[in-house]
Amino acid sequence: MSRIKTTSSIRLTIDSNLNNVFLVGLTVEAICSYAPFKAVTAYQVGTSVVEAVNNAIKHAYGNQPGHQVEVDILLNPEGVRFEISDTGRPMRLQGSHKLEYDPEDLENLPEGGMGLFIINQVMDHVEYKNFGDRNLLTMGKYYDCDPQVDLCEGD
Amino acid sequence: MQLKEDKIGGILVLKPLDKRFDAHSAVDFKARMADFVSSGHTVIILDLSEVDFIDSSGLGAIVSALKTIGRNGDLVLCGIKETVMSLFRLTRMDRVFRIFTDQGEATAALSS
């Protein structure tokens, strides 16, 4: 039987300091390792959440500490959903999930702008909404292992 | 970021000892790499075998170091774990860097 029969949730709240993001990353990685994900998928989902929290701190709050970033994690029988919210400046996300560059063109290799690309590549569902004074990024990922078996093919 | 430094001939071998190479540590790494390059180290092996996690800021910091070295030097990577490697592949950074299994293989390639 699947280990995840009902929906469970947890809320993490950190201050808007990049020094705190690893706490979210470690928690998400642990939860995703428990869930029926392949090891690489669990890692990439954790990275996507870290990227989303980094974006909230860097762009919504302009790297200023003293604000809250909330991460709600909902573990469902079918997959996991993350809701990352902040009360900073809304972000413009249109068209910014592309990552096009020539690997041979040293001078123009990207040093930034890869976070949204990673999120959009890894997650099955990504939605960003602004509710006046609150921004909410919702991301979902379906399990890629059979929840009925303990060992995951490809691990 | 804690960096272990070794010199093999004219090659500088740097090994980050932190498990997480993220947005917080990337700022320090970029500054340290700029210092190494300005002090004459332009052939560098970056051994990532202790790193369990890297995000786009970490990747960006390594790209920044490659640009700082420019075309008159070399920055190669080694020891990358499979999960971390998946992010290099996702962002196509595996096509930007020469990546070796371990320090021995990287040293041999740079010495030949």
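As a reminder, the structure under discussion sits directly above these lines.
Because the structure is a prediction, the values reported are computed rather than measured. (Residues numbered from 1 in each chain as written. Chains lettered and ligands numbered in written order. Predicted model: local features only at pLDDT ≥ 70, side-chain atom pairs only at ≥ 80, totals over all residues. Heavy atoms only, no water.)

**Side note on the pairing of strand 6 (residues 74–78) of chain B**
Regular strands place side chains that alternate from one sheet face to the opposite one.
All names here are of chain B.
Move 1: Taken across its 5 residues, strand 6 has 4 buried, putting it largely inside the fold.
Move 2: Of the strand pairs in this sheet, strand 6 and strand 7 (residues 99–100) are connected by 2 bridges, and their pairing is parallel. Pairing of L77 across the sheet is with I99, part of strand 7.
Move 3: In this fold, strand 6 hands off to helix 3 (residues 82–90), which returns the chain to strand 7; that crossover is right-handed. (Buried < 20%, exposed > 50% of the residue type's maximum accessible area, 1.4 Å probe, protein only. Helix = DSSP H or I, 4+ residues; strand = E, 2+ residues; numbered from the N terminus. Pairing = 2+ DSSP bridges. Right-handed = clockwise from strand over helix to strand, strands pointing away.)

**Regarding the packing of aromatic side chains**
Centre distance and the angle of the planes are the two values used to describe a pair of aromatic rings.
Move 1: Counted under the stated rule, the structure contains 4 aromatic pairs over all chains.
Move 2: Ring plane angle 75° and centroid distance 6.4 Å describe the contact between F88 of chain B and F97 of chain B, whose orientation is recorded as edge-to-face. In this structure, F88 of chain B and F97 of chain B share a single accessibility class: buried.
Move 3: Geometry around F53 of chain B places R20 of chain B over its ring, the cationic atom sitting 4.0 Å from the centre.
Move 4: The ring of Y101 of chain A carries the charged tip of R92 of chain B above its face, separated from the ring centre by 4.5 Å. (Phe/Tyr/Trp six-rings, centres within 6.5 Å; stacked < 30°, edge-to-face > 60°. Lys NZ or Arg CZ within 6 Å of the ring centre and 35° of its normal.)

**Let's talk about the pattern of salt bridges**
Move 1: Counted according to the given criterion, the structure contains 15 salt bridges over all chains.
Move 2: Between R89 of chain B and E82 of chain B there is a salt bridge whose closest N-O contact spans 2.9 Å.
Move 3: Overall, the relative accessible area of 42% leaves R89 of chain B in the partly exposed class.
Move 4: Among the residues examined, E82 of chain B registers a relative accessible area of 47% and is labelled partly exposed.
Move 5: Linked through salt bridges whose partners overlap, the residues forming this network are R11, E70 and D72 of chain A. (Salt bridge = Lys/Arg side-chain N within 4 Å of Asp/Glu carboxyl O.)

**So, the environment of P110 of chain A**
Move 1: Within the fold, P110 of chain A resides in the loop between strand 3 (79–86) and helix 3 (115–122).
Move 2: Considering only alpha carbons, one finds P110 of chain A and H67 of chain A, 43 residues apart in sequence, at a separation of 29 Å.
Move 3: With residues near it in sequence (within four places) discarded, P110 of chain A still touches L99 and Y101 of chain A together with V63 and M93 of chain B. (Contact = heavy atoms within 4.5 Å.)

**What about the interface of chain B and chain A?**
Move 1: Contacts between chain B and chain A engage 29 residues on the former and 33 residues on the latter.
Move 2: For the pairing of chain B and chain A, the buried interface totals around 2,600 Å² over both sides, and the portion due to carbon and sulfur atoms is 59%.
Move 3: For the chain B face of the interface with chain A, the top three residues by lost area are R20, K67 and L90 of chain B, together amounting to 22%.
Move 4: Counting every contact that joins chain B to chain A gives 4 salt bridges.
Move 5: For E111 of chain A, the salt bridge goes to K67 of chain B, with nearest N and O atoms at 3.1 Å.
Move 6: There are 14 residue pairs in polar contact (both at pLDDT 80 or more) connecting chain B and chain A.
Move 7: Among the elements of the structure, helix 1 (23–38), strand 5 (53–54), helix 2 (56–69) and helix 3 of chain B are those that each provide at least two residues to the side of chain B that touches chain A. (Buried area = accessible area lost by both parts, 1.4 Å probe. Polar contact = N/O pair within 3.5 Å; in protein donor to acceptor, adjacent residues only side chain to side chain.)

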